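# Breakdown of the fold
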Amino acid sequence: MAQAPHKPLPKKVHIKTFGCQMNSYDSERMAEALEPEGYALTGDPAEADLVILNTCHIREKAAEKVYSELGRMRLAKERRRQEGRGTLIAVAGCVAQAEGTEIIARAPAVDIVVGPQSYHRLAFLVAEAWATGNGQLATDFPAEDKFAHLPERPQGKAQASAFVTVQEGCDKFCTFCVVPYTRGAEFSRAPAEIVAEVERLAARGVREITLLGQNVNAYHGAGPDGRPWTLAKLLRRLAQISSIDRLRYTTSHPLDMNDELIQLFDDEPKLMPYLHLPFQAGSDRILKAMNRKHTASDYEAVIRRVREVRPDIALSTDIIVGFPGETDRDFEATLALAARIRFAQAFTFKYSARPGTPAASLEPHVPDDVKRERLYAVQSLIDGDRHAFDRATVGRRLEVLFEGPGRKPGQIAGRSPYLQAVHVEGPKGLIGQIGVVDILASSPNSLTGVIKSGFEWREPAQAAV
Ligand code: SF4
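Described below are features of the structure shown in this document. Worth saying up front: this structure is predicted, and the values here are computed from it rather than measured. (Residues numbered from 1 in each chain as written. Predicted model: local features only at pLDDT ≥ 70, side-chain atom pairs only at ≥ 80, totals over all residues. Heavy atoms only, no water.)

## Looking at unusual backbone geometry
Peptide bonds are trans in most cases, and residues, glycine excluded, mostly fall at negative phi. In plain terms, the rule: A helix here means a DSSP run of H or I that spans at least four residues, while a strand means a run of E at least two residues long, and both kinds are numbered starting from the N terminus.
Geometrically, the link from T250 to T251 is a cis peptide bond, its omega value of 5° lying close to zero. Here T251 is to be found in the loop between β11 (246–250) and α10 (259–267). Residue P364 is bonded to the preceding E363 through a cis peptide linkage, with omega at 0°. Mapping P364 onto the fold places it in the loop between β14 (345–350) and α14 (368–392). Of note, the phi angle at F173 is positive, near 55°, even though the residue is not glycine. Secondary-structure assignment places F173 in the loop between β8 (167–168) and α7 (179–182). The phi dihedral of N291 is positive, around 60°, even though this residue is not glycine. Among the structural elements, N291 can be located in the loop between α11 (284–289) and α12 (296–309).

Right under this line is the structure:
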């Protein structure tokens, strides 16, 4: 473990985030937790007194990538030491949780290892590391709710769209997945706490909220009377916040797509017509080996019900190719299922073993060149369907939430209700607002359009909620 560095002033923190939206949310909350301690964010790791790597365990060789990043950081830390400046290095996220003390043993420049359930202790761990020079490790799954101990979200300028974690962990135990081990058992935040957080975001000008959870549609936070709320009930309550115009949620499991939640796509206009619902594989044999607890036809039945209530919905999914034992026939079932459903979007992965998961010991392995071919085939199919979905919106008039400047000068960019990127010519003053756009063309990664002439910008119903 590193020698005691001197506590420097002023203090800057650099956070490098890997992986999913939940990690982005966690990084924001970590920055907010450190703000009262005087830490300001910097994009330049060389000027940071504290560098945090917020890691992800999903990708192949995730831990090895973290160690090579830590090698570079050790050199930067040494350079700063020679200039008389101290630096703390912290590893957070799922690799921190999975590797724990192994990180400290292999990378002695690391001062803090903090798992995703312990971020409310981060400011304390940082202060301890500065004061004592001793390494700090916090990777338990505390019984207490970390969200109750994180500081309230500060006021200030915010983006148009924000993530809010409402549920963490997972009890499904898919055999390929590390989440049940790195994020622990399913835990849902109380609705009152979530409503308060969304109200504060709304008061900062946020117009769209995406509720996050590893298994978000299993949400069951305890209401004021102690009885659990469903995700549908939570969404209905959040929709009552007048200046929130759009709601989304991700990631869902097919088994937890109940009728109440599906019906909301029709009943609640603020719930956007977009659903990310992983199916992973189209062969029942492989789904069983993955412990997905559903068959291909169960999945299709859910999609049928969703499309009955919201025929225009944009569907997104996750697909794994090359799971141990996957034959050509199994893979064809995956292709066939994807072809029948016609996704507007999909995240496709080659299977790679995560140490400690049941699938890591399954055989036979699928050779890498076969996995590559299968990945290419499924990506080609998905790309075709995605472009077809995008082309079908050309000529339509869509509401777009503008989130930032576009690629070209004079352009601004936003998202359609279907989560498509949309570029238009328009003044930067419209960022953060919802406009009506006539869609003129689709290109491989975005749509272009024109702001409907004579359109009056829709302000939130109230300045604050
Ligand atoms: S449902 Fe999702 S998070 Fe849970 S174990 Fe399966 S893949 Fe992992």
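Past the structure itself, the notes keep going.
## Some points on α10
Condition: Each residue gets one of three labels from its accessible area relative to the maximum for its type: buried under 20%, exposed over 50%, partly exposed in between, using a 1.4 Å probe on protein chains only. Summarising the geometry, the arc corresponds to the directions from the helix axis toward the C-beta atoms. The contact criterion used throughout is that any non-hydrogen atoms of two residues lie within 4.5 Å.
Those residues of α10 lying buried are L261, I262, L264 and F265. Around the axis of α10, the buried residues are gathered within 145° of arc, so they sit on the same side. Of the surrounding elements, those touching the buried residues of α10 are α9 (231–239), β11, β12 (274–276) and α12.

## Let's talk about the nonpolar core
Here is the rule we go by: Only buried Ala, Val, Leu, Ile, Met, Phe, Trp, Tyr and Cys residues count toward a nonpolar core, and they belong to the same one when joined by side-chain atoms within 4.5 Å.
With 92 residues, the main nonpolar core has I52, I209, L211 and Y249 as its most contacted residues. Apart from the residues lying within four places of it in its own chain, the contact partners of I52 are V13, H14, I15, K16, M30, L34, A90, A92 and L122. Grouped together as the second largest cluster of nonpolar side chains are 18 residues, V66, I103, A109 and V110 included.

## Observations concerning the sheet that holds strand β10 (residues 208–212)
Rules: Strand pairing is assigned whenever DSSP identifies at least 2 bridges connecting the two strands. Throughout, an axis means a line fitted to C-alpha atoms (over the contacting stretch in the case of helices), and angles, computed between N-to-C directions, take values from 0 to 180 degrees.
Spatial strand order, β7-β10-β11: three strands in an open sheet with parallel pairing. Of all the strands in the sheet, the pair left with one neighbour each is β7 (161–165) and β11. Shown here is a sheet whose adjacent strand axes are inclined to one another by a mean of 20°, direction ignored. Lying over the sheet, helix α1 (residues 21–34) contacts β7, β10 and β11, oriented at roughly 95° with respect to β7. Along the sheet, α9 makes contact with β10 and β11, crossing β11 at roughly 155°.

Keep in mind these numbers describe shape, not what the thing actually does.
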